[in-house]
Amino acid sequence: MIDIHSHLLPGIDDGSESMDISLQMARDAVADRITHALMTPHHMNGRYTNHAQDVIERTSEFQATLDEHNIPLTVFPSQEVRINGGLMTALDEHDILTTDAQGTYVLIEFPSDDVPTFTMDMLFQIQQRGMVPVIVHPERNTRLMKEPQLLYDMVSRGAYAQVTSSSYVGTFGKAVSTFAEDIISNGLAHVFASDAHHIPGRSYEMTAAFNKLRETHGGEMANKFEENAKALVNGERLSRFSQTPIKKKRFFSPY
Ligand SMILES: [Fe+2]
């Protein structure tokens, strides 16, 4: 399997704290059948800045260390980019890494509780450059939970979405796994990723997520999710699904 979103590089964001931990996380990835992984440190999220060139260098150092330890994981540099007012300038300055060497797909994250008002306009501007935004873990965004129409609008205008494997299997609770399922069953998700951080007790759960997807939606969708991860790394076209707006559930207040 290919993992398009993970925080394995040591000491540069809220992922791995040290090379020892990075190596352990890489072993966990391999145990979960991952063969290739994008290193996607946070960039421009208000707390972490990880410039493209630094990520490239640190990823090649990490690959050398993985090879020394005979861990069969191939790693590529990328970034998880927070949507922000400086993004177009950063693109002009070639400080944004895509998931593919061709410069097509960019992983975009939102603040956990909001979708900024300029989002639709900025996603459009990204697409005007011939690039394609991939929204990471929409299932964990509390604004999207309340207004799922926003995700439908983004995907129907050309964006893709990545659901985190742990979300889908319930590690972040019932509300998140239910919303992940809503996103998937409405054809608004295209790929799984681990978004691995070093959180004791939390494992990769990519195999578990694929097992659940296969059981719930059949092998064809699971195969397309796997192929889409490969397409993101190779700069190829992704499969889409029949897209429908998510119907908002009725919440009954006890008061
Ligand atoms: Fe992440």
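Cut-off values and rules
- Residues numbered from 1 in each chain as written.
- Predicted model: local features only at pLDDT ≥ 70, side-chain atom pairs only at ≥ 80, totals over all residues.
- Heavy atoms only, no water.
- Helix = DSSP H or I, 4+ residues; strand = E, 2+ residues; numbered from the N terminus.
- Rg over C-alpha atoms; globule rule 2.2 N^0.38 Å.
- Buried < 20%, exposed > 50% of the residue type's maximum accessible area, 1.4 Å probe, protein only.
- Contact = heavy atoms within 4.5 Å.
- Core = buried A, V, L, I, M, F, W, Y, C linked by side-chain atoms within 4.5 Å.
- Donors = N, O, S within 2.8 Å, 3.2 Å for Na, K, Ca; no water.
- Tetrahedral: all angles 85-135°; square planar, octahedral: opposite > 155°, others 65-115°.
- Expected span 1.5 Å × (residues − 1).
- Arc of directions from axis to C-beta.
- Phe/Tyr/Trp six-rings, centres within 6.5 Å; stacked < 30°, edge-to-face > 60°.

As for the overall build of the protein
Scanning the protein from N- to C-terminus turns up 10 helices and 9 strands. Radius of gyration (C-alpha) of the protein: 17 Å, near the 18 Å computed for a compact globule of 255 residues. With the C-alpha coordinates of the protein rotated into their principal frame, the extents come out at 55 × 40 × 40 Å. Evaluated residue by residue, the protein yields a buried proportion of 55% over its 255 residues. For the protein, contacts bridging at least 24 residues in sequence account for 76% of all contacts bridging at least 6.

Overview of the nonpolar core
Grouped burial of nonpolar side chains is what soluble globular proteins tend to show. Formed by 63 residues in total, the largest nonpolar core has its most connected members in Ile126 and Phe192. Of all the elements, helix H1 (residues 19–31) adds the most residues to this core, at 5 residues.

Here we look at the coordination of the iron ion
Looking at the metal site, the iron ion is ligated by His5 (NE2), His7 (NE2), Glu80 (OE) and Asp195 (OD), spaced 2.0 to 2.1 Å from it. The coordination sphere of the iron ion comprises 4 donor atoms, whose angles at the metal cover 82 to 171°; the geometry is irregular. Each donor residue of the iron ion lies on one chain, and together they are spaced H-x1-H-x72-E-x114-D. With His7 in the loop between strand S1 (2–3) and H1 and Asp195 in the loop between strand S9 (191–193) and helix H9 (206–217), the pair connects residues that are 188 residues apart, well separated along the chain.

Observations regarding H9
Each turn of an α-helix holds 3.6 residues, which means side chains three or four residues apart point in the same direction. Over its 12 residues, H9 runs 16 Å from end to end, which matches the ideal 16 Å to within 8%, given 1.5 Å per residue. All of the buried residues along H9 are Met206, Thr207, Ala209, Phe210 and Leu213. Buried residues along H9 cover an arc of 160° about the axis, so they all sit on one side. Looking at the buried residues of H9, the elements they touch are S1, helix H7 (165–168), helix H8 (174–185), S9 and helix H10 (219–234). At the C-terminal side of H9, Gly218 shows a positive phi close to 95°.

Looking at the packing of aromatic side chains
Overall, the coordinates contain 5 aromatic pairs when judged by the stated rule. Arranged with centres 5.0 Å apart and planes meeting at 65°, the rings of Phe192 and Phe225 form a pair that is edge-to-face. Here the residue Phe192 occupies a position in strand S9, and Phe225 occupies one in helix H10, the gap between them amounting to 33 residues. Residue class for Phe192 comes out buried when judged on its relative accessible area of 1%.

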